[in-house]
Amino acid sequence: MQLDGLTALASERKDQTILGLFDKDANRAGTYSASTGDLLFDYSKTQIDHDTRDALIALCDAAGLAERREAMFSGAKINETEGRAVLHTALRNLDGGPVEVDGLDVMPDVLDTLQRMRVFAEEVRGGAITGAGGSFSDVVNIGIGGSDLGPVMATHALSPYHDGPRLHYVSNVDGAHIADTLRQLDPTRTLVIVASKTFTTIETMTNARTARAWMMDGGGDPARQFAAVSSAVDKTESFGIPKDRVFGFADWVGGRYSVWGPVGLPVMIAVGSNAFDAFLRGGQAMDVHFRAANWVENMPVMLALVGIWHRQVLGHTSRAVLPYDQRLLRLPAYFQQLEMESNGKSVAMDGSSLTMPSGPVVWGEPGTNGQHAFYQLIHQGTDVVPCEFMVAAEGHEPELAHHQRLLLANCLAQSEALMRGRSLDEARQRMASAGLQGDELERQARHRVFAGNRPSTTLIYPKLTPFVLGQIIALYEHRVFVEGVLLGINSFDQWGVELGKELATSLGPIVDGEESAEGKDGSTAALVAYALRHRD
């Protein structure tokens, strides 16, 4: 990606303010926004102008984005380091026609698995499938990474539609996580779903064995009360899970993109198959938009280009995701994995070192909580943090509509404050009105200056429905894809997670006290020795 022209444009416009851009263009909000369906993405509160947008869009053509996009949707093996297709979009391709991998249409298997999920979920919800103690009151999903973050996020987000058994999620191998979760449950009326594609993930399988022992000790029946999301049928069978309770998916579905398929089974049990289908259709609608819209009207493309402008051109190292929706409390963590595991790379597709920064640090919390925590740094800190606000026009509780109006007002006020700021003269006037004078007025005024001209985007939608959630998740998936194409990296492998896993395996016997720490570095050996001395 050639950034010289964009860097030069940014340098030429270093004194140009966002407010000044609004002064020049009365219709800036309409010009610098994109929409699809009822979703509106406003990026007018950034320093992007006509020339910079044109230059950013030119990157798409130079990188062959259209061709890469069609290669992904058509089943080409664009995950080149693993030799795999990238087809999470097929999981939500409910009526889009065949999709081939190695000459075989994958859609019959996708739709068959989806139908099996529907039947199983509705039988669990309706009581046709029961535990040793009767109908299921609770479901525990055991997974980690994409097998946990996606369904956790979606279950919280769709809580107004949750009319099935209570859902619980265990991911951390820390025994506290599963102990605290199981303590409150009835082992005879709990369904456990073990989500691991290979059925070898150490954290997941450790937790699964603990759950099985808990169930057996409490009078439950694991053969009736366990299901699996896995492609390793031999291993699930050895574990004692019947084949008809196993839901597999192909290697062309990456973990962080897997909530659309069997990994989403707990979500389907919580909200029902109809609501889950609406979620899939929201994702499919975004796919259609992404493939059809021209670049300037293409929401995922423009979201990605704003990200490129802020990270690669202007050098802002982090990005705050700020949903003004309490039910999206896990969305920043979900996007954190999506972005940082996908585009946190330092090597280009051809094996050469990147010559530009890769993805940003992604973080955030729901508003308004964040306003009373880290917004101080966002407004007055020395680093500029581009902010991505999200908010619904309407909540799910009509009797609490005044809460939603206050929430919306806060969201819009924060983006305006970041852009507008407060000058020293304005701060002086405030202090003078408060009765201060002289040096004290000046000192106090300086503490109340807001630099302003800090960029933000806003994604606004009517209400957080399953369909809208599907749109939002697919929007950010495609954003990550576009950024990866422009950076020339493979967004679909994650070799960075492997080394720590390997070392943890080798450290297991040492931490157990069965082997010596000889050969380990001095720090690791000393820490192991400390742990062994203080172990009961």
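Residues numbered from 1 in each chain as written. Predicted model: local features only at pLDDT ≥ 70, side-chain atom pairs only at ≥ 80, totals over all residues. Heavy atoms only, no water.

(A) Geometry of the overall build of the protein chain. The secondary structure content of the protein chain amounts to 22 helices and 15 strands. In terms of overall dimensions, the protein chain is globule-like: its C-alpha atoms have a radius of gyration of 25 Å, near the 24 Å expected for 536 residues. Overall size of the protein chain, expressed as C-alpha extent along the three principal axes, is 75 × 60 × 60 Å. In the protein chain, buried positions account for 51% of the 536 residues. Summed over its atoms, the accessible surface of the protein chain is roughly 23200 Å², and 51% of this surface lies on carbon and sulfur atoms. Averaging the coordinates of the 47 positive side-chain charges in the protein chain and doing the same for the 66 negative ones gives two points 4 Å apart. (Helix = DSSP H or I, 4+ residues; strand = E, 2+ residues; numbered from the N terminus. Rg over C-alpha atoms; globule rule 2.2 N^0.38 Å. Buried < 20%, exposed > 50% of the residue type's maximum accessible area, 1.4 Å probe, protein only. Areas by Shrake-Rupley, 256 points an atom, 1.4 Å probe, with all protein chains shown as cover. Lys, Arg positive; Asp, Glu negative; His and termini not counted. Charge placed at Lys NZ, Arg CZ, Asp CG, Glu CD.)

(B) Expanded view of the nonpolar core. In this structure, Trp252, Phe335, Leu469 and Ile472 are the most contacted members of the largest nonpolar core, which totals 112 residues. Broken down by element, this core gets its largest block of residues, 13 residues, from helix H20 (residues 466-487). Of all hydrophobic cores here, the second largest spans 20 residues; its members include Leu182, Met205, Trp214 and Phe239. (Core = buried A, V, L, I, M, F, W, Y, C linked by side-chain atoms within 4.5 Å.)

(C) Representation of the packing of aromatic side chains in the model. Across all of its chains, the model carries 16 aromatic pairs by this definition. With centroids separated by 5.5 Å and ring planes inclined at 50°, the aromatic side chains of tyrosine 257 and phenylalanine 492 adopt a geometry described as tilted. In this pair, tyrosine 257 is assigned in the loop between strand S11 (246-247) and helix H12 (265-271) and phenylalanine 492 in the loop between H20 and helix H21 (498-511), connecting sequence segments 235 residues apart. For the pair shown, tyrosine 257 and phenylalanine 492 are each scored as buried. Taken together through their ring pairs, the aromatic side chains of Phe73, Tyr257, Phe290, Phe481 and Phe492 make up a single cluster. Sitting over the face of the ring of tyrosine 32, arginine 28 holds its NZ or CZ atom 4.3 Å from the ring centroid. The ring of phenylalanine 239 has arginine 212 lying over it, and the distance from NZ or CZ to the ring centre is 3.9 Å. (Phe/Tyr/Trp six-rings, centres within 6.5 Å; stacked < 30°, edge-to-face > 60°. Lys NZ or Arg CZ within 6 Å of the ring centre and 35° of its normal.)

(D) Structural view of the sheet that holds strand S13 (residues 361-363). Spatial ordering of the open sheet is given by S1-S2-S15-S14-S12-S13, a layout of six strands whose pairing is mixed. Each having just a single partner strand, strand S1 (33-36) and S13 make up the two edges of the open sheet. When the angles between neighbouring strand axes are averaged without regard to direction, this sheet yields 15°. Relative to strand S15 (residues 456-461), strand S14 (residues 387-392) runs parallel, the two being bridged by six bridges. Bridge pairing in S15 links valine 391 to isoleucine 460. (Pairing = 2+ DSSP bridges. Axes fitted to C-alpha atoms, helices over the stretch in contact; angles between N-to-C directions.)

(E) Layout of the sheet that holds S11. An order of S8-S7-S9-S10-S11 is seen for the five strands of this open sheet, with the pairing classed as parallel. Two strands lie at the open edges of the sheet, namely strand S8 (166-170) and S11, each paired on one side alone. Here strand S9 (residues 190-195) runs beside strand S10 (residues 226-229); their pairing, made up of four bridges, is parallel. Looking at the pairing, alanine 195 lines up with valine 229 of S10. Packing of helix H7 (residues 146-157) onto the sheet brings it into contact with strand S7 (138-142), S8 and S9, and relative to S8 it is tilted by some 150°. Sheet strands in contact with helix H9 (residues 202-217) are S7, S8, S9 and S10, and its direction is about 160° off that of S9. (Contact = heavy atoms within 4.5 Å.)

(F) Representation of the side chain of serine 358 in the model. Mapped onto the secondary structure, serine 358 falls in the loop between helix H15 (331-343) and S13. A distance of 2.9 Å separates a polar atom in the side chain of serine 358 from the backbone oxygen of lysine 345. When residues no more than four places from it in sequence are discounted, the contact partners of serine 358 are Arg311, Gln312, Asn343, Gly344, Lys345 and Leu487. (Polar contact = N/O pair within 3.5 Å; in protein donor to acceptor, adjacent residues only side chain to side chain.)

(G) Layout of H9. Over its 16 residues, H9 extends 23 Å from the first C-alpha to the last, a length consistent with the 22 Å expected when each residue adds 1.5 Å. Those residues of H9 that fall on the buried side of the exposure criterion are Thr204, Met205, Asn207, Ala208, Ala211, Trp214 and Met215. At the exit of H9 stands glycine 219, carrying a positive phi of roughly 90°. (Expected span 1.5 Å × (residues − 1).)

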